[in-house]
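Chain residues, written in single-letter form:
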Amino acid sequence: METDDILQVEKQIQDEWLLFEVYETDETGRPTRGKLLAHSPSRAALHEFLQKNPCPHWYVIYTGDVPKKGMEVVL
Amino acid sequence: MTQVPFNPEASLLIFPCTIECRHIGEVRLALDTGASTTTIREDALTDIGYSPKSLTDLVSFSDASQSHLVPRVTLKSFSLAGARIDNLEVLAYTIPDGIDGVIGLNFLRHFNLNLNFDRGILTMERIDSSQ
């Protein structure tokens, strides 16, 4: 089975949303190995992908700054 | 006891969380002790198997600027690392870009929390032993 090191992929693709199928997680629950299914600057694009291609165990992460630089956030 | 690392310098404390319905989703949510209820992007909830048509239980939701009606659903389970709550009610609402929602008090109050900013470690100790 083709697998990706999720942390490495996160470092390679900056400022985008990434969608993985998850194969392994670490003891803190963070996904560590999986397969990159899609990536896009748009979160909605990953939702569209999953609606067309349901995945039993997926992981979504944004690799840009949160919040964006210069922004302050009150939740 | 659950221990999870975080970046003590970050503007938001963001943690990987697992949400489960028919499918399992791994999302990143901000810890928010000011939120009464855990809130998750509606897209993510439909991606773990909720039908948009099932999101009909609406509750009033107030954020910093306004009030509106948002759907409420019950997850099969919600986990932050080893800290898991079954049948957790969450709200379906899209938080600003970069995260998929917030971890609110309806999850956090099941645990004694320690945010160690010196070491960048969140420690969670379950309060009740019912699960």
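So, a few notes on the structure that sits alongside this text.

Rules behind the numbers
Counting of residues starts from 1 at the beginning of each chain's written sequence and follows it residue by residue. As they are written, the chains are lettered A onward and the ligands numbered 1 onward, keeping that order. In keeping with the predicted nature of the model, local features appear solely for residues at pLDDT of at least 70, side-chain atom pairs appear and are counted solely at 80 or more, and the whole-chain, interface and lining totals rest on all residues. Note: side-chain values were computed over all heavy atoms of the structure, leaving out hydrogens and water. By the criteria applied, helices consist of DSSP H or I runs no shorter than four residues and strands consist of E runs no shorter than two, each listed in order from the N terminus. Our radius of gyration is a C-alpha quantity, and the globule rule it is checked against amounts to 2.2 Å times the number of residues to the power 0.38. For every residue, the accessible area (1.4 Å probe, protein chains only) is compared with the maximum for its type, and the residue is labelled buried under 20%, exposed over 50%, or partly exposed between those bounds. When checking whether two residues touch, look at their non-hydrogen atoms; a contact exists if any pair is within 4.5 Å. Calculation of accessible area relied on Shrake-Rupley with a 1.4 Å probe; when residues are assessed, cover is drawn exclusively from the protein chains displayed. The quantity reported as buried area is the accessible area (1.4 Å probe) lost by two parts once they are put together, taken as the sum for both. Note on definitions: salt bridges are taken to be side-chain nitrogens of Lys or Arg within 4 Å of carboxyl oxygens of Asp or Glu. Think of a polar contact as two N or O atoms within 3.5 Å of one another; within protein, one of them needs to be a possible hydrogen donor and the other a possible acceptor, and neighboring residues in sequence only count if both atoms come from side chains. Note that the arc is computed from the directions linking the helix axis to the C-beta atoms. The distinction between a cavity and a pocket rests on a 1 Å grid over the protein atoms alone: a 1.4 Å probe fits inside a cavity but cannot get out, while a pocket stays open yet meets protein on both sides within 12 Å along at least five of seven lines, and a residue with an atom within 4 Å of a point counts as lining. Grid points are joined across faces, edges and corners, and a volume is the space filled by probe spheres set on the points. We call Asp, Glu, Lys and Arg charged. Ala, Val, Leu, Ile, Met, Phe, Trp, Tyr, Cys and Pro are nonpolar, and the rest, Gly among them, are polar. In summary, the pairing rule links any two rings of Phe, Tyr or Trp, Trp by its six-membered ring, whose centres are within 6.5 Å, and it sorts them by plane angle into stacked for under 30 degrees, edge-to-face for over 60 and tilted for everything else.

1. As for the overall build of chain B
Each helix and strand in chain B was counted, giving 2 helices and 12 strands. Counting helices and strands in the order they occur from the N terminus, chain B gives β-β-β-β-α-β-β-β-β-β-β-α-β-β. For 131 residues, the compact-globule estimate of 2.2 N^0.38 gives 14 Å, and chain B sits close to it at 14 Å. Considered along the principal axes of its C-alpha atoms, chain B spans approximately 45 × 35 × 20 Å.

2. Some points on the overall build of chain A
For chain A, the helix and strand inventory stands at 2 helices and 4 strands. Counting from the amino terminus, helix and strand elements in chain A follow one another as β-α-β-β-α-β. In terms of overall dimensions, chain A has C-alpha extents of about 40 × 30 × 25 Å along its principal axes. Across the 75 residues of chain A, 43% fall into the buried class. Taking as baseline every contact in chain A between residues at least 6 positions apart, the subset at least 24 positions apart corresponds to 55%. Carbon together with sulfur atoms contributes 48% to the accessible area of chain A, which is approximately 4,300 Å² in total.

3. Concerning the interface of chain B and chain A
One widely used convention gives an interface's size as the accessible area the parts lose upon coming together. Between chain B and chain A, the residue contacts involve 28 residues of the former and 27 residues of the latter. Contact with chain A buries area across many residues of chain B, yet B:E26, B:R28 and B:D47 alone supply 28% of it, more than any other trio. The interface formed by chain B and chain A holds 1 salt bridge in total. Of the charged contacts in the structure, one is a salt bridge between A:R43 and B:D100, with a shortest N-O distance of 3.1 Å. Run the count over chain B and chain A and you get 10 residue pairs in polar contact (both at pLDDT 80 or more). Elements represented by at least two residues in the side of chain B that touches chain A include exactly β1 (2–5), β2 (14–20), β3 (24–31) and α1 (42–47) of chain B. By residue number, the principal contributor to the side of chain B that touches chain A is β3(B), which donates 6 residues.

4. Describing helix α2 (residues 43–52) of chain A
Within α2(A) the residues assigned to the buried category are A:R43, A:L46, A:H47 and A:L50. For α2(A), the arc enclosing every buried residue in end-on projection is 100°, short of the 170-degree limit, so these residues lie on one face. Along its buried surface, α2(A) packs onto β2 (17–25), β3 (31–40) and β4 (57–62) of chain A together with α1 of chain B. One side-chain oxygen at the N-terminal end of α2(A) lies 3.2 Å from the backbone nitrogen of A:A44; it belongs to A:S42.

5. Focus: the environment of B:T74
All names here are of chain B. Along the polypeptide, T74 turns up in strand β6 (residues 67–74). Remark: the alpha-carbon pair of T74 and L88, spanning 14 residues in sequence, is separated by 5.4 Å. For T74, the contacting residues outside a window of four places in its chain are Y50, N87, L88 and E89.

6. Considering empty space enclosed by the protein
Inspection of every chain in the model, using the stated rule, returns 1 cavity of 30 Å³ or more. Computed from the structure, the largest cavity encloses a volume of approximately 40 Å³. For the lining of the largest cavity, a count of residues per class yields 5 nonpolar, 1 polar and 2 charged.

7. Quick look at the packing of aromatic side chains
Note on aromatic pairs: each is described by the distance of the centres and the angle between the planes. Residue and element names in this part refer to chain B. Scanning all chains against the criterion turns up 6 aromatic pairs over all chains. On the basis of an interplanar angle of 65° and a centroid distance of 6.0 Å, the ring pair of F6 and F15 is categorised as edge-to-face. Accessibility assignment for this pair places F6 and F15 in one class, buried. These aromatic residues form a ring-pair network of at least three members: F6, F15 and F117.

Functional significance is not addressed by these values, which are geometric in nature.
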